Amino acid sequence: MLLKDAIKEITGLRYMVDELNILTSAGRRTLLAQKMMTEEADIEEALDHLGRLSACYADGANEQLFSLLSTRMMQLHDIANTIRHLSNRNVLTDIELFEIKSFSLLAQDIMQMISPLGLTYLRIPDLTVVIDLLDPEQKRIPHFYIYDRYSIVLAELRRRISLMINNNADEVEIEDVRHQAQREEDKVRKHLSAKLVEHADDLMLALDTLAYLDILIARADQGLGMGLVRPEIGTGETEYKGLFLPQLKDSLAQQGKTFQPVDIRLSQAPTLIMGANMAGKSVLLRSVALAQALFQFGCFVPASRAKIVPVEKISLSIGDAEDTSRGLSSYAAEMLRVNDIIQAALYGTRQLVLVDELARTTNPQEGSAIVCSVLDFLAEHKVAALVTSHYAVDTPCRKLRVKGFCEQKDPNHQISIENINNFIDYSLEEAQDGEVPHEAIRIAEIIGIAPQLLSRIHQYIDKENPQTL
């Protein structure tokens, strides 16, 4: 999966990408084309690259260097098309030759700037030969012209044109010499292009490296600003301490509120998470999905500590996501997504499964049977999964519940509809078999539901023991 596709599926990933301070179009192009890594060695290498640059970036002694580096990076143009044009052995135009010269000068400059950082994995080839070829006068300025030095014949033709103009020669004669000069210039362009094609691979490597450097600096800056952490690679269990969702955390901060991070551990087996509405179950799933994706794209993750097991696929069923183009109901669309999860498990795909309120749109009896069956299947195939539900689920799997509504959490304030979220504890605890949340009625009372309705609800509660709230 490419990053540009992943941001369409994983909530919060687009926010993280948009918040990156990418300075170059080459960096943005390279970022969106990045593939999700699935092998431990590849992920470890990417995290090591980011970790080493982040250490340099956080070092105050390098502040001026990175400031100057940012200024130079903003001057970088994406010349990938020009390099491809060159690689196909086309004759370059003056503009394309100018682009290559300017880029090569800039690449050499940046190579010298980052040399003291010791980031040896950033390979910017020596482009001195390219610069010398396009800068025969050795002025080292980002300007290109078919210089007289390239051709004695061209120099002589240009001298003749100048004399003829000064002597008011016949315009037809002058135009004839101009055409001769243009043909000679075309020969020079053809010669330069033929020489430059030998360095096309080095030019592309330099461009790719500078784009990668742009991405690494942006990620280092984001990691420092958002409080992200370098994750460890797990082998049996994924574990997060202080996991949070940056977009929601930032949104709450703007309202003067705080986000409560959570701790969670995922084994190679399904876990059922229970809790009333407003208890943060969906946010938890989105946080886990985002952290897994960031990890496998070589990024630091939103947590205070993280150990993550790589997977081949992040399988999501979160939100309604009705397939209106195919005329499917939310339930039918959900079942198709669940079937994709089952088929991937049967095929042996290593996946992280995250399902929110499975079968919530059907009746409690069938819904509970569906949840139990999916959990049984995932357990049998040793699939790491988080499944949330309101249903009473009678199947042997790990069960957690969100602690949820706690009227004693903030004893100094009266509960109201405006501050009710301050009284919800989003941390997780082990749940007992058959246990379901019983907070819906109390929340309804606090937000001011009509007493005529509440009294009827209590009558039914006293008469029955429903499976779901």
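Just so you know, the residues in each chain are numbered from 1, in the order the chain's sequence is written. At least 70 in pLDDT is required for a residue's local features to be given in this predicted model, at least 80 for side-chain atom pairs to be given and counted, and no such filter applies to totals for whole chains, interfaces and linings, which use all residues. Derived side-chain values reflect all non-hydrogen atoms in the structure, with water molecules and hydrogen atoms excluded from consideration.

Undergrad: Please clarify how the sheet that holds strand β2 (residues 238–243) should be interpreted in this entry.
TA: In a beta sheet, neighbouring strands are held together by backbone hydrogen bonds and run either parallel or antiparallel to one another. Two strands form a pair only when DSSP identifies at least two bridges running between them. In DSSP terms, a helix is any run of H or I states spanning at least four residues, a strand is any run of E spanning at least two, and both are numbered starting from the N terminus. Read from one edge of the open sheet, 4 strands run β1-β5-β2-β3, paired in mixed fashion. Across the chains shown, the open sheet's two edge strands, defined by having one partner strand only, are β1 (232–233) and β3 (262–266). The contact criterion used is simple: two residues touch if any of their non-hydrogen atoms lie within 4.5 Å. Lines fitted to C-alpha atoms define the axes, with helix axes restricted to the stretch in contact, and inter-axis angles between N-to-C directions lie between 0 and 180 degrees. Together, β1, β2, β3 and β5 (305–308) form the strand contacts of helix α13 (residues 281–296), whose direction differs from that of β2 by roughly 115°.

Undergrad: In this structure, what is going on with the pattern of salt bridges? I would like to understand it.
TA: Working definition: two side chains of opposite charge can pair if their charged atoms are close together. The term salt bridge refers to a pairing of a side-chain nitrogen on Lys or Arg with a carboxyl oxygen on Asp or Glu at a separation within 4 Å. With the rule as written, the count across this model stands at 22 salt bridges. With a shortest N-O distance of 2.8 Å, Glu44 and Arg230 are connected by a salt bridge. Taken together, the positions of Glu44 in helix α4 (residues 40–58) and Arg230 in the loop between α11 (200–226) and β1 put the pair 186 residues apart, joining distant regions of the chain. Judged by its relative accessible area of 31%, Arg230 falls in the partly exposed class. Note that Glu357 is salt-bridged to Lys281, the shortest N-O span being 3.3 Å. Here Glu357, found in the loop between β7 (351–355) and α15 (364–380), pairs with Lys281, found in helix α13; they are 76 residues apart in sequence, far enough to count as distant. For the pair Glu357 and Lys281, one class covers both residues: buried. By sharing partners, the salt bridges in this structure join Asp94, Asp148, Arg158, Glu185, Asp186 and Arg189 into a single network. Per-residue accessibility, obtained with a 1.4 Å probe over protein chains only, is compared with the maximum for each type, and a residue is labelled buried under 20%, exposed over 50%, and partly exposed between these values.

Undergrad: Would you mind going over the packing of helix α6 (residues 80–87) against helix α7 (residues 94–114) with me for this structure?
TA: The geometry of a pair of packed helices is captured by two quantities: the angle between their axes and the separation between those axes. Two numbers describe how α6 lies on α7: the axes approach to 10 Å, and their chain directions differ by 110°. Between α6 and α7, the interaxial angle falls into the category roughly perpendicular. For the pair α6 and α7, the sense of crossing is left-handed. Contacts between α6 and α7 pair Thr82, His85 and Leu86 from the former with Glu96, Glu99 and Ile100 from the latter. Residues are grouped as follows: Ala, Val, Leu, Ile, Met, Phe, Trp, Tyr, Cys and Pro are nonpolar; Asp, Glu, Lys and Arg are charged; every other residue, Gly included, is polar. Per-class residue counts for the contact of α6 with α7 are 2 nonpolar, 2 polar and 2 charged. Orientation categories follow fixed angle ranges, with anything under 35 degrees roughly parallel, anything over 145 roughly antiparallel, 65 to 115 roughly perpendicular, and all other angles oblique. Here a crossing is called left-handed whenever its near helix is offset anticlockwise from the far helix by less than a right angle, and right-handed whenever the offset is clockwise.

Undergrad: Please explain the packing of aromatic side chains as it appears in this structure.
TA: The geometry of an aromatic ring pair is captured by the separation of the ring centres together with the interplanar angle, meaning the angle of the planes. Centres within 6.5 Å make a pair out of two Phe, Tyr or Trp rings, where for Trp the six-membered ring is used; the pair is then stacked when the planes are under 30 degrees apart, edge-to-face when over 60, and tilted otherwise. Per the stated rule, a full pass over the model turns up 4 aromatic pairs. Seen in terms of ring centroids, Tyr57 and Phe66 are 5.1 Å apart; in terms of plane orientation they differ by 75°. Their pairing is edge-to-face. Ring geometry for Phe144 versus Tyr147: centroids 6.1 Å apart, planes at 85°, classification edge-to-face. With respect to burial, Phe144 and Tyr147 carry one shared label: buried. An aromatic cluster is defined as three or more aromatic residues linked by ring pairs; in this entry it consists of Phe144, Tyr145, Tyr147 and Tyr150. Think of it as a cone above the ring: NZ of Lys or CZ of Arg counts as a charge over the ring if it is within 6 Å of the ring centre and within 35 degrees of the ring normal. The side chain of Lys249 reaches across the aromatic face of Phe244, ending 4.3 Å from its centre.

Undergrad: Sorry if this is basic, but what is going on with the packing of helix α5 (residues 63–73) against α11 here?
TA: At a minimum axis distance of 12 Å, the contact between α5 and α11 shows a crossing angle of 130°. By the angle between their directions, the pair α5 and α11 is classed as oblique. Here the hand of the crossing between α5 and α11 comes out left-handed. Contacts between α5 and α11 pair Phe66, Leu69 and Met73 from the former with Leu210, Leu213, Asp214 and Ile217 from the latter.

Undergrad: Looking at this structure, I do not really get the nonpolar core. What am I missing?
TA: Side chains of a nonpolar character, in soluble globular proteins, are inclined to be buried together. What makes a nonpolar core is a set of buried Ala, Val, Leu, Ile, Met, Phe, Trp, Tyr and Cys residues whose side-chain atoms join them at distances within 4.5 Å. Among the nonpolar cores identified, the biggest contains 113 residues, and Phe103, Leu213, Ile264 and Val288 are the most heavily contacted of them. The leading source of residues in this core is α11, at 13 residues. Residue contributions to this core reach at least three from each of two domains, namely domain 1 (3–218) and domain 2 (229–432). Leave out the neighbours within four places in its chain, and Phe103 touches Leu76, Ile79, Leu127, Leu203, Ala206, Leu207 and Leu210. Judged by nonpolar contacts, the second largest core, of 24 residues, contains Val338, Val374, Val387 and Cys397. As annotated, the domain borders come from an automatic or database domain assignment.

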